[in-house]
Amino acid sequence: MSGLAPVVEEEDASELKLGEDFVKAKCLMNAEVALVLQRKYEQLQQLSDDPVSQISQVFEKSLQYVKRFSRYQNPEAVKQVREVLTRNKLHEFEVSVIGNLCPETVEEAKAVVPSITKKGRLDDEKIETMLTDLATIKKFE
């Protein structure tokens, strides 16, 4: 036994070092979670004689939370937002952060997701175009 501890890489979201849990994880925006939970809620109501008894308080509070903090309500708009963000080759984590926080300026986007500018991934012009596309989706929702 060598007595050396294994080297553990420190997590750092600004460098997209998110840890083992996020290696293959699909991150969802609040709006996407709201759609999933709303469908499940409707299924539970249809399948039960007493729908209220089938739905836990945690489930209801989770649904209320994601609905309240979802920036997009229309399912088609949610789909378009994900398309815009993935078209720009963003990591799942970056997609969910930008989709949830909806930065309005390039500076805001770089502040909340500093990894988008690392290693020349996105320049200011591409970020501006992406934010304009997101604003357009929100405007016509």
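Reading guide: rules and limits
Residues numbered from 1 in each chain as written. Predicted model: local features only at pLDDT ≥ 70, side-chain atom pairs only at ≥ 80, totals over all residues. Heavy atoms only, no water. UniProt positions renumbered as here; feature names shortened; annotations may be inferred. Salt bridge = Lys/Arg side-chain N within 4 Å of Asp/Glu carboxyl O. Helix = DSSP H or I, 4+ residues; strand = E, 2+ residues; numbered from the N terminus. Phe/Tyr/Trp six-rings, centres within 6.5 Å; stacked < 30°, edge-to-face > 60°. Buried < 20%, exposed > 50% of the residue type's maximum accessible area, 1.4 Å probe, protein only. Lys NZ or Arg CZ within 6 Å of the ring centre and 35° of its normal. Axes fitted to C-alpha atoms, helices over the stretch in contact; angles between N-to-C directions. Parallel < 35°, antiparallel > 145°, perpendicular 65-115°, else oblique. Left-handed = near helix turned anticlockwise from the far one by under 90°. Contact = heavy atoms within 4.5 Å. Nonpolar A, V, L, I, M, F, W, Y, C, P; charged D, E, K, R; others polar.

Under an unreviewed UniProt entry, the protein chain has the name RNA polymerase Rpb4/RPC9 core domain-containing protein and belongs to Sphagnum troendelagicum. Among the UniProt annotations of the protein chain, the heading Sequence similarities (unreviewed entry) holds the following wording: "Belongs to the eukaryotic RPB4 RNA polymerase subunit family." Turning to the protein chain, the UniProt annotation filed under Subcellular location (unreviewed entry) states: "Nucleus".

Once that is clear, we can look at the pattern of salt bridges. In total, this model carries six salt bridges according to the counting rule given. Where glutamate 92 meets lysine 26, a salt bridge forms, and the shortest distance between an N and an O atom there is 3.9 Å. One end of the pair, glutamate 92, is in helix 5 (residues 92-101); the other, lysine 26, is in the segment before helix 1 (30-47), and 66 residues separate them in sequence. With its nearest N and O atoms 2.9 Å apart, the salt bridge here joins aspartate 124 to lysine 110. On the criterion of sequence distance, the pair formed by aspartate 124 in helix 7 (residues 124-139) and lysine 110 in helix 6 (residues 106-112) is long-range, its members being 14 residues apart. The network of salt bridges with common partners includes Lys26, Glu32, Arg82 and Glu92.

What follows deals with the packing of aromatic side chains. On inspection of all chains with the given rule, the structure shows two aromatic pairs. Ring geometry for tyrosine 41 and phenylalanine 59: centres 6.5 Å apart, planes at 10°, overall stacked. Taken together, the residues span a long stretch of sequence, with tyrosine 41 in helix 1 and phenylalanine 59 in helix 3 (residues 57-69) at a distance of 18 residues. Each ring, one from tyrosine 65 and one from phenylalanine 69, has its centre 4.8 Å from the other, and the planes form 45°; the classification is tilted. Residue tyrosine 65 and its partner phenylalanine 69 are both found in helix 3; the two are separated by four residues, about one turn of the helix. Residue tyrosine 65 is classed as partly exposed on the basis of its relative accessible area of 48%. A relative accessible area of 38% places phenylalanine 69 in the partly exposed class. One residue, lysine 138, lies across the ring of tyrosine 72, its end atom 5.6 Å from the ring centre.

Right, let's talk about the packing of helix 1 against helix 3 for a bit. Where helix 1 meets helix 3, the closest approach of the two axes is 8 Å, and the angle between their N-to-C directions is 140°. If you check the angle between helix 1 and helix 3, you find them oblique. In this structure, helix 1 crosses over helix 3, and the sense of that crossing is left-handed. Here helix 1 contributes Asn30, Val33, Ala34, Leu37, Gln38, Lys40 and Tyr41 to the contact with helix 3, which in turn contributes Phe59, Ser62, Leu63, Val66, Lys67 and Phe69. Grouping the amino acids of the contact of helix 1 with helix 3 by side-chain chemistry returns eight nonpolar, three polar and two charged.

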